[in-house]
Structure formats: structure tokens, C-alpha cells
Amino acid sequence: MYDVDRIRQDFPILEREVNGVPLVYLDSASSAQKPKAVLERVQAAYGEEYANVHRGLHTLSNLSTENYEAVRGILARFLGAGEDEIIFTRGSTEALNLVAYAWGRHLKEGDEIILSVMEHHANIVPWHFLRERHGIKLVWVPVDDQGALDAQAVIDAMGPRTRMVAVTHMSNVLGTVVDVKTIATAARERGIVTVIDGSQAAVH
């Protein structure tokens, strides 16, 4: 059972009232509110052990570096990835731009990137720049009348020049949840890179 009231108790900010009613926060994809566990850990990190990560040899720097890298290991196990595959960024926009500018510079004229028409601009602009610089082709997959993105339609759009599929996991406009597992599996079988734009960008 998904106990919403119990989950709300983990977020101190949700004790606030706005315009006389309990706060309902719907902008988590942009700036997620933090639960008590995160707030307490951040306070401990800044208040008890803060120092530069990877840039010092003293006790606090070593401790901060160890804790930082421990998170990389936790994420790798959670995602089923190698620790060397985990790259921290400040958010999805920075992650998408990093992929576009680092990986995308190897693309050639006529190479294709598949996008859906409901992508956030953060998952459109970097690929438009690649189109202008390298002459790549953007292939747009439409949504149906209900705002749903058919995974098979994305798969059908994959061709011999497809180099990447970049789709959202959930549209911040339509609320559409995309079957990214099916899409990523099909792309991987064809040797195509997939970028899933969500609260974080995950590259497969």
C-alpha cells in the first residue's frame, strides 16, 4: 500500500501551508524536495566532515572523498552498472549536454537521433546543435491522441543510421509514462545508445 501520508511525514517542507491548504509540490523534476534523511546527511557532511573531494590528503578531505565514492558504488549496484560508468552531474540538463558534446562529436552527417515530440527542451536543444554542427538527422516520433508514446513506434523508427534514442521517462507536460525498458532493450540489441531523460539522465 502506497501510504501517501506516511511518505509526506518524511518531508519537513510538506508541513507548510500555502494559501491555507497543505503544500502540494508538483515541480520535482526541476527541483525535488528533500526528505529528512537527506537533510540530516547534508547537515552532517557540511557541519562535521566538509572538505574538498579528490583534492587533498588531510583527514577531512580523505573522509569526504571516501563518502563521495561510496555513493558512486551504491548507485552502481542499484543501477546494475560499473562504478566507472557513474558520472555525477548537477542535473538532467547538464547530463544531456555532456552526452551531446562528448559523445555526439563523433557523429557524422546523416547519422540519426530519435526523439519523441513531447521532449523537454533540455532534451531537444543539444541535439539541434549537433544537427547544425554535424549534419545529423533528428527523427521525431509522435504521440497518440491520448498523449501516449508507443514503444513500438520508437522501435520501428530505428534504422541503419540510428545512433541514439533520446526519450523522456515521463513527460513533465503530459504526465505520460514511457515504456523505456522496452525501448532501451530494443536499442541495445541493435547497438544503439539510449538516453533516458528523467529526474536524472541515464545513458545505456
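The structure we're discussing is the one just above.
Fair warning: this is a prediction, and the values are worked out from it, not measured in the lab. (Residues numbered from 1 in each chain as written. Predicted model: local features only at pLDDT ≥ 70, side-chain atom pairs only at ≥ 80, totals over all residues. Heavy atoms only, no water.)

Student: Give a description of the packing of aromatic side chains that names residues and reports values.
Tutor: On inspection of all chains with the given rule, the structure shows two aromatic pairs. Seen in terms of ring centroids, Tyr46 and Tyr50 are 5.3 Å apart; in terms of plane orientation they differ by 45°. Their pairing is tilted. Judged on exposure class, the residue Tyr46 and its partner Tyr50 are both exposed. (Phe/Tyr/Trp six-rings, centres within 6.5 Å; stacked < 30°, edge-to-face > 60°. Buried < 20%, exposed > 50% of the residue type's maximum accessible area, 1.4 Å probe, protein only.)

Student: Tell me about the pairing of strand E4 (residues 137-141), and please be specific about residues and values.
Tutor: Bridge count between strand E3 (residues 112-116) and E4: five bridges; the pairing is parallel. Among the inter-strand pairings, Ile114 is bridged to a residue of E4, identified as Val139. For the segment spanning E3, helix H5 (residues 125-134) and E4, crossover handedness is right-handed. (Pairing = 2+ DSSP bridges. Helix = DSSP H or I, 4+ residues; strand = E, 2+ residues; numbered from the N terminus. Right-handed = clockwise from strand over helix to strand, strands pointing away.)

Student: Outline the side chain of Glu119, supporting the account with residue identities and numerical values.
Tutor: Tracing the chain through its elements places Glu119 in the loop between E3 and H5. Of the side chains bearing the opposite charge, Arg131 lies closest to the buried Glu119, which forms no salt bridge; the N-O distance is 16 Å. One polar contact links Glu119 to Ser116, side chain to side chain, over a distance of 2.4 Å. A distance of 2.9 Å separates a polar atom in the side chain of Glu119 from the backbone nitrogen of Thr168. Each residue touching Glu119, except ones within four places of it in the same chain, is listed here: Ile124, Ala166, Val167 and Thr168. (Lys, Arg positive; Asp, Glu negative; His and termini not counted. Salt bridge = Lys/Arg side-chain N within 4 Å of Asp/Glu carboxyl O. Polar contact = N/O pair within 3.5 Å; in protein donor to acceptor, adjacent residues only side chain to side chain. Contact = heavy atoms within 4.5 Å.)

Student: Tell me about a negative patch on the surface, and name the residues and values.
Tutor: Taken together, the side chains of Asp144, Asp145, Asp150 and Asp156 make up a negatively charged region of the molecular surface. One can find Asp145 in the loop between E4 and helix H6 (151-157). The class of Asp145 is exposed, set by a relative accessible area of 84%. (Patch = residues over 30% accessible without salt bridge, like charges linked within 9 Å, V, L, I, M, F, W, Y side chains within 5 Å. Areas by Shrake-Rupley, 256 points an atom, 1.4 Å probe, with all protein chains shown as cover. Charge placed at Lys NZ, Arg CZ, Asp CG, Glu CD.)

Student: Requested: an account of the pattern of salt bridges, with residues and values cited.
Tutor: Scanning all chains against the criterion turns up six salt bridges. For the salt bridge of Arg41 with Glu49, the shortest nitrogen-to-oxygen distance reads 2.8 Å. With a relative accessible area of 40%, Arg41 lands in the partly exposed category. With relative accessibility at 12%, the residue Glu49 sits in the buried group. Salt bridges linked by common partners bring Asp111, Arg161 and Arg163 together as one network.

Student: Talk me through the nonpolar core; I want residue IDs and the actual numbers.
Tutor: Formed by 18 residues in total, the largest nonpolar core has its most connected members in Ile114, Leu149, Val154, Met158, Val165, Val167 and Ile183. When residues of this core are traced back to their parent elements, those giving at least two are E4, H6, strand E5 (162-168) and helix H7 (180-189). No other element matches the four residues that H7 contributes to this core. Leu96, Ala100, Ile113 and Ile136 belong to the second-largest nonpolar core, a separate cluster that totals 14 residues. (Core = buried A, V, L, I, M, F, W, Y, C linked by side-chain atoms within 4.5 Å.)

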